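Close look at the chain arrangement
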Amino acid sequence: MITSLYVYPWDLWDGGVDKTLEYIADLGIKCVSVAVAYHGGKFFLPHNPKKKVFYHPEGMIYFSTDMDAYGVLKPRMGTALQEAAAQGMDLFGEIIRQAQRHGLQARAWVVGLHNSYLGGQHPDCCTVNAFGERYAHALCPADETVRFYLKKLIEELANRYPLQGIELESFDFMGFLHGDEHEVVGLPLPQKEMLDLLLELCFCASCTARAQAAGLDMDRASWLIRRAVKALCEGRTQESADLLKSPEVTQLMELRIDWCADLFEQIKQTVCLSRCPTPIYAVNWMHLGPGETDAARLSRLGRALNGWVAAYPAHPDQAAHFYRLARRAVPFDKRLILGIRMLPPELTQKKQLCEYWEQALAGQPYGINFYNYDMACLPVLQELRRCLAQAK
């Protein structure tokens, strides 16, 4: 079984690539999943020697690439990558070399559609809800310009670096809820979850053209969603749920799975034809618990994938059930990697880490991923060392 630790490249750079990876290897970890394309955020970094509060800009990458190869949507270079390049160093290449020297595998952790930088520059490539409102944080995976950009990211990585895997995050449709701009939704949790589902359905030009080609009346589907949102806001939750099950909305949801499955297939073909073919995994956000329909959805969605990362149980008391459901949801011909989040609210006491660890081990996964090195405080990292040592 392979244990992997999610790591941000700016922490590796600030702490010294060699020194930081030596410390990670000493924890007993076997692999690092390095964020090579990442969304924006405000992060507190407890053990970074150069900064404590870090505003990470949207849409940054941390690997060497040919910017002219991307077409309309172009990534931008992260500060750590630029600083390393100024010293004649390929940052991600150096991370891989030093990881190998310390006995660590290296995976590329790639955030795809979650990109407010590109969404702000190219609103025509964004998700559009049933009210005609665009989400800058969510590029649409049905859009051919977006698909070209995503495939080029992966192609460049697979052609340039010897990796033990690529982990895809946000490579299928994103939700309405995002957690940015002081996001406020005044609905109770069950209704809030339903609202997220209703407002994540995309009616952009690309989705509309694809759906109409499949015989779906998108005007009626959009009207049904608007009516369902209105019912939800007026307290008629059951009516909203019934509208969500209407044939047009159900067909749209099914088509979206097919479109994303096709995207994964194209990415797989890109990797297979590269200089350094490597396994491909996708992160499946199961934080609310895998549902009964997840097995069928993941089977269709992930035909081209090597496996799934199940992220994350909300509390140690729920971990065993969460991991059992994840095992049922992920097809047995695919590798299952279980996720453990080493931060509040999932982890409020360091002793809980070993509880998560023991429950994950009982699920007999292919691997266990820990999120993440950069934001976990020192006592938690020390507890991680203890847990891993006990398993030897």
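Residues numbered from 1 in each chain as written. Predicted model: local features only at pLDDT ≥ 70, side-chain atom pairs only at ≥ 80, totals over all residues. Heavy atoms only, no water.

Side note on the state of the cysteines
Enumeration according to the criterion identifies one disulfide in this entry. With a sulfur-sulfur separation of 1.9 Å, cysteine 354 is cross-linked through a disulfide to cysteine 387. Handedness of the cysteine 354-cysteine 387 disulfide follows from its S-S torsion of about -115 degrees: it is left-handed. Residue cysteine 354 is located in helix α14 (residues 352–362), and its partner cysteine 387 is located in helix α15 (residues 378–390); the two are separated by 33 residues in the primary sequence. Residue cysteine 354 is classed as buried on the basis of its relative accessible area, which comes to 6%. For cysteine 387, a relative accessible area of 1% translates into the label buried. Between cysteine 204, a free cysteine, and cysteine 202, which holds the nearest cysteine sulfur, the sulfur-to-sulfur gap is 3.5 Å. Since its relative accessible area comes to 3%, cysteine 204 is described here as buried. Cysteine 233 takes part in no disulfide bond, and the closest cysteine sulfur to it belongs to cysteine 202, at a distance of 20 Å. (Disulfide = S-S within 2.5 Å. Helix = DSSP H or I, 4+ residues; strand = E, 2+ residues; numbered from the N terminus. Buried < 20%, exposed > 50% of the residue type's maximum accessible area, 1.4 Å probe, protein only.)

A few points about the packing of helix α13 (residues 316–329) against α14
Here α13 crosses α14 at 15 degrees, and the two axes come no closer than 9 Å. Taken together, the axes of α13 and α14 lie roughly parallel to each other. In this structure, the crossing between α13 and α14 has a hand that is right-handed. Across from Pro316, Ala319, Ala320 and Tyr323 in α13, the residues of α14 making contact are Gln352, Glu355, Tyr356, Gln359 and Ala360. The class makeup of the residues in the contact of α13 with α14 is six nonpolar, two polar and one charged. (Axes fitted to C-alpha atoms, helices over the stretch in contact; angles between N-to-C directions. Parallel < 35°, antiparallel > 145°, perpendicular 65-115°, else oblique. Left-handed = near helix turned anticlockwise from the far one by under 90°. Contact = heavy atoms within 4.5 Å. Nonpolar A, V, L, I, M, F, W, Y, C, P; charged D, E, K, R; others polar.)

The quantities given are spatial measurements derived from coordinates; they are silent on function.
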